[in-house]
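The lines below spell out each chain.
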Amino acid sequence: MLEFIQLLKQRYQAVLAQQGNESVKTSYQQRIDQLILAEAFIRKGQLIDASPEPLLHMAVVGPTQAGKSSLVNVLLDSHAAGVSPLAGYTIHPQGFCSGVSLAECTGLQRYFGRFQQLQQTQLSKDRHDCYSLTENTTTDSKLLPHGVLWDTPDFDSIDSATYREGVIRAIALADMVILVVSKEKYADQSVWDIMAAVEVLHQPTIICLNKLVEGSESIIIQSLKEKWRHARTDEFPDVVSLYYQKPEGLPVWPESRQQLLKQLANKVSLTKQARFEQELLKRHWQTWLEPVFAEHQALNDWAELVDLMIKQAMENYQRDYLNHPHHYETFQLAMTELLNLMEIPGLARILAGTRQILTWPVRQIMKLGRKRLHMSDSSYEIDLLNQIAEHTLIQLADKLLDKAVQGHQGQWWRQLNSVLRSQRQDALQDFSQAAKIYHLSFQQDVESAAHRLYDKLQEQPVVLNGLRATRATADAAVIALTLQMGGIGLHDLVIAPAMLALTSLLAESAVGSYMHKVEAELKQNQFNAVKQALFIDSLRHKLLQLPEQLSMTTHFNISPDQLRAAELQLTEKRHGLRLL
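Residues numbered from 1 in each chain as written. Predicted model: local features only at pLDDT ≥ 70, side-chain atom pairs only at ≥ 80, totals over all residues. Heavy atoms only, no water.

1. What about the sheet that holds strand β7 (residues 205–210)?
Read across the open sheet, the eight strands follow the order β3-β4-β2-β5-β1-β6-β7-β8; overall the sheet is mixed. Looking at which strands have only one partner, the edges of the open sheet turn out to be β3 (116–118) and β8 (238–241). Put simply, the sheet's adjacent strands are angled 25° from each other on average, direction ignored. The sheet contact formed by strand β2 (residues 94–98) and strand β5 (residues 147–151) spans five bridges and is antiparallel. Bridge pairing in β5 links S98 to G147. Against the sheet, helix α3 (residues 68–76) touches β1 (57–61), β2, β5, β6 (176–182) and β7, its axis set at about 155° to β5. Sheet contacts for helix α7 (residues 217–231): β6, β7 and β8; angle to β7, the most-contacted strand, approximately 140°. (Pairing = 2+ DSSP bridges. Helix = DSSP H or I, 4+ residues; strand = E, 2+ residues; numbered from the N terminus. Axes fitted to C-alpha atoms, helices over the stretch in contact; angles between N-to-C directions. Contact = heavy atoms within 4.5 Å.)

Here is the structure:
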């Protein structure tokens, strides 16, 4: 699941970089933030599973100039966190070990992923993919339980977009949250957007109301309750009112609340982490995958369109070849093989010497060499199939343009049309080669049809001997010989009077109905062979692969199989999300 969330995030980021629609950009950026949160929260689960005794992580979060770093110093009873009157002074997650050593903070580098751990003094304004971890050397804090306290950057300043990922990672790591707001900032929508987004993490929370003046506390707290109820569904948390100590410029933590954070730590439940992860993923799953679902629908529409075009192509093939009285040459080739088997007096020896030219099992293809390829190339069927394939691709291109102007997934269809144009010649060449291979291999069916007819004739010796004695049969044998020697083409064979006469004699004989049955079965076998070998295994396969060549920077290109595998993990019980 972690790999899928990372993949989805990367695709969103790539598509966002090419997106021109401002409303879509805003929506996609929000989803990217949610995916970063989900990725980090899953990593937290891995950190918990890998630690025999997981450390407690506490995050101080809030808008700019709310006094977060000052409160961190109060809680640590030190000056470890840098403070400044300027907004946006803290732009990196900064962790401070309270009551624990740096050696105990193992696994954090793996949790932060591409973020690099640096010393606090090495953090640079020019680099945002890093964090610091510092051991608090003062005495144990009276206010904090043992663990790591994180001072986080703001999430509402103009520049916060550049370091927002660090804020999200620090919040996702936290087992408990300390929200710091001031009387000027508590009503900002950005505060409540963040608090609504992290509700699904189920982190015990307190609110520190900072920079208070006498007489305003009750009014602001009542307003805070209303804001909380609009943003979240869980119980309103404890509020700690903080007043400044003028000599030091630091907020004063109330004596009556000195045990509050330690009591809050007792509400942390790491055993429910896997369930919380699934809850987070299920909450956003459908929204995250909306553009992926749209692409999958386009893929389905594309497959249906390809299948429709192939159906039309097969109808054209059946009409213009299999059912055409002047173009269907395959059964006439079976007739020439039948003449070989009938051993016409006076021509038997000559026909027997050239018989292998018309018996085309696959094992003989290489032996036949250039002569056989010439006969395939001269076939009307091959020419027609290539024409049908080209016409199919032209029709597909027209349909793609129609789809592109309909509005829904228009860019997807336009780019697919571009890919089709670039791959059109390769597809036609592959189809042409597949047609030649099919034409050669199908001659086994032609030979089989001839043998079935001959076996039937042998059951009717009067008919067989009568055919051998007719002039029409001898003339047809000469035509067959001429075909074998390259004197005529396959199309000439179809319309040759001698071959037509032979067919008529057979049709009027006692084996006439059987001959029609063999011809019908040969046509059906040929229809099935062409459909499977050429239009499904070759052309359709090639066409259905075209969407894979769409640009990764403008499309998500997450396959249905990838999505199904991820959704299977989403529905697994308890440790399903640990199987990564």
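From this point, things continue past the structure.
2. Examining the pairing of β7
Most of β7 sits inside the fold, with six of its six residues counted as buried. The two faces of β7 match: T205, I207 and L209 on one face and I206, C208 and N210 on the other face are all buried. Handedness of the crossover is the feature at issue here: the chain leaves β6, passes through helix α6 (residues 189–197), returns alongside β7, and the resulting connection is right-handed. In this structure, β7 lies alongside β8, joined through four bridges in parallel fashion. Bridge pairing in β8 links I207 to V239. (Buried < 20%, exposed > 50% of the residue type's maximum accessible area, 1.4 Å probe, protein only. Right-handed = clockwise from strand over helix to strand, strands pointing away.)

3. Digging into the pairing of β1
Counting buried residues in β1 gives five out of five residues, a clear majority hidden from the surface. The alternating pattern of β1 places H57, A59 and V61 and M58 and V60 on opposite faces, both of which are buried. In this structure, β1 lies alongside β5, joined through four bridges in parallel fashion. Bridging from a neighbouring strand, V60 pairs with D151 of β5. When β1 meets β6, the two strands line up parallel, connected through four bridges. Bridging from a neighbouring strand, V61 pairs with L179 of β6.

4. Focus: the packing of helix α9 (residues 273–288) against helix α10 (residues 290–322)
Look at α9 against α10: their axes get within 5 Å of each other, and the N-to-C directions meet at 45°. Accordingly, the angle class assigned to the pair α9 and α10 is oblique. Contacts from Q286, T287 and W288 in α9 reach E290, P291 and F293 in α10. (Parallel < 35°, antiparallel > 145°, perpendicular 65-115°, else oblique.)

5. Thoughts on the side chain of E381
Within the secondary structure, E381 is located in helix α14 (residues 380–404). One polar contact links E381 to Y317, side chain to side chain, over a distance of 2.7 Å. (Polar contact = N/O pair within 3.5 Å; in protein donor to acceptor, adjacent residues only side chain to side chain.)

6. A word on the nonpolar core
Ranked by size, the top nonpolar core spans 73 residues in total, and within it I5, L8, L108, W150, L224 and W285 carry the most contacts. Residue contributions to this core peak at 10 residues, all from helix α2 (residues 22–50). With sequence-adjacent residues up to four places away left out, I5 is seen in contact with L35, A38, E39, I42, L281, W285 and W288. Formed by 63 residues, the second largest nonpolar core is a distinct cluster that contains Y321, L393, L457 and L550. (Core = buried A, V, L, I, M, F, W, Y, C linked by side-chain atoms within 4.5 Å.)

7. Describing the packing of aromatic side chains
In the structure shown here, the tally under the stated rule is 17 aromatic pairs. Measuring from centroid to centroid gives 4.9 Å for W412 and W413, while their planes differ by 80°, and the two rings are edge-to-face. Taken as a pair, W412 and W413 share a single burial class, namely buried. One aromatic cluster is present, formed by Y111, F112, F115, Y131 and W150 through successive ring pairs. (Phe/Tyr/Trp six-rings, centres within 6.5 Å; stacked < 30°, edge-to-face > 60°.)

8. Some points on the side chain of H296
Along the polypeptide, H296 turns up in helix α10. Among all residues touching H296, those that are not within four sequence positions of it are I558, S559, P560 and L563.

9. Describing the environment of H230
Relative to the elements of secondary structure, H230 occurs in helix α7. Separated by 34 residues in sequence, H230 and A196 place their C-alpha atoms 8.9 Å apart. Of the polar contacts made by the side chain of H230, one reaches the backbone oxygen of E226; its length is 2.8 Å.

10. Some points on the environment of A529
If you trace the backbone, A529 turns up in helix α21 (residues 512–544). When the C-alpha positions of A529 and Y438 are compared, they lie 7.6 Å apart, and in sequence the two are 91 residues distant. With near-sequence residues (within four places) excluded, A529 lies in contact with Y438, F442 and L534.

11. Quick notes on the packing of α10 against helix α15 (residues 410–441)
One way to put it is that α10 packs onto α15 with a least axis distance of 14 Å and a crossing angle of 40°. As the angle between them shows, α10 and α15 are arranged oblique. With respect to the hand of their crossing, α10 and α15 are arranged in right-handed fashion. Between α10, through E295, A298, L299, D301, W302 and Y317, and α15, the contact on the second element is made entirely by W412, W413, L416 and Y438. When the residues that make up the contact of α10 with α15 are grouped by side-chain class, the tally is eight nonpolar, no polar and two charged. (Left-handed = near helix turned anticlockwise from the far one by under 90°. Nonpolar A, V, L, I, M, F, W, Y, C, P; charged D, E, K, R; others polar.)

12. A word on the pattern of salt bridges
Summed over the entire model, instances satisfying the criterion amount to 19 salt bridges. Between E184 and K183 there is a salt bridge, and its shortest N-O distance comes to 2.9 Å. Bridged by salt links that share partners, the residues R114, R127, D129, E165 and R169 form one connected network. (Salt bridge = Lys/Arg side-chain N within 4 Å of Asp/Glu carboxyl O.)

13. A look at α6
The α-helix advances 3.6 residues per turn, and as a result positions three or four apart in sequence lie on the same side. Every buried residue belonging to α6 is among V191, W192, I194, M195 and A196, and all of these are buried. Looking at the buried positions of α6, the neighbouring elements they touch are α5 (160–173), β6, β7, α7 and α9.

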